[in-house]
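Overview (structure and organization)
Single-letter residue listing:
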Amino acid sequence: MIKILFVCHGNICRSPMAEFVLKDMVEKCGLSDLFYIASAATSTEEIWGDRGNPVYPPAKKELAKHGLSCEGKYAVQLKREDYKKYDYLIGMDSANIRNMERMCGGDPDRKIHKLMAFAGRNRDVADPWYTGDFRTTFNDVVEGCSGFLECVMTERVNEL
C-alpha cells in the first residue's frame, strides 16, 4: 500500500482538496486498494481541543462542483510519527515544507515533497485563504495530483 499525507497550514483548504482529488483519481483508475490517502496541518489554528474544524465552506463548495465530497473530514495536525507512517508527505508551499521538515525532525528518507514539483513546476499551490480563488487552487491541485499519480505509477511499474 502506498501511503500519502498531504499537508498545508490549517488542513481546511488545500490539503483536504488534494486528499479528495487524489482519492477520486485512484478510485477512477481502480487503484483505491493500493493507496491510503490523508491530509494534515502544520498549525493548530483550526484545531480546538481534540477536534478540528471541517473543510472550509468555499473549498467544500469547489470540490462539490466537481462531484467530490469531503464530508466527515476535520483538521488534524501533522505529528512527528507521521514521517514513519507515510511514504510521501506532500506540502502545498515552501513554508509548509520548512515546517514539515522541522516537525518531522528532518527528511532523511527524502519523503517530503512540494505538490507542484510533480507537475514539473517549482511553485506553490495557490492559497485560496488569501486569494479567495478556489478554482485556481483546485486546478493546481488537479495538476499536481495528476503528476504525482503518474510519477508513482511509473516508479511502481519500473520496480516490477
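Notes on the structure in this doc start here. Predicted model only: the values in this text are computed from it and were never measured.

Among the structural elements, Asp 107 can be located in the loop between helix H4 (94-104) and strand S6 (112-114). Despite its burial, Asp 107 pairs with no opposite charge; the closest candidate is Arg 110, at 5.9 Å N-O. At 2.7 Å, the side chain of Asp 107 and the backbone nitrogen of Lys 111 are in polar contact.

Time to look at the state of the cysteines. Disulfide: a covalent bond formed between the sulfur atoms of two cysteine residues. Using the criterion set out here, one finds 0 disulfides in the structure. In this structure Cys 29 is a free cysteine whose sulfur lies 12 Å from that of Cys 145, the closest cysteine sulfur available. Classification of Cys 145 by relative accessible area gives buried; the value is 0%.

Our focus in this paragraph is the pairing of strand S1 (residues 2-8). Summarising burial for S1: 6 of the 7 residues are buried, a large majority. Note: S1 against strand S2 (residues 35-41), 7 bridges, orientation parallel. Its bridge partner being in S2, Leu 5 is matched across the sheet by Ala 38. Handedness of the crossover joining S1 and S2 through helix H1 (residues 14-28) is recorded here as right-handed. Both S1 and strand S5 (residues 88-91) contribute to a ladder of 4 bridges, which runs parallel. Residue Phe 6 lies in a different strand from S5, and its bridge partner there is Ile 90.

About the thresholds
- Residues numbered from 1 in each chain as written.
- Predicted model: local features only at pLDDT ≥ 70, side-chain atom pairs only at ≥ 80, totals over all residues.
- Heavy atoms only, no water.
- Helix = DSSP H or I, 4+ residues; strand = E, 2+ residues; numbered from the N terminus.
- Buried < 20%, exposed > 50% of the residue type's maximum accessible area, 1.4 Å probe, protein only.
- Lys, Arg positive; Asp, Glu negative; His and termini not counted.
- Salt bridge = Lys/Arg side-chain N within 4 Å of Asp/Glu carboxyl O.
- Polar contact = N/O pair within 3.5 Å; in protein donor to acceptor, adjacent residues only side chain to side chain.
- Disulfide = S-S within 2.5 Å.
- Pairing = 2+ DSSP bridges.
- Right-handed = clockwise from strand over helix to strand, strands pointing away.

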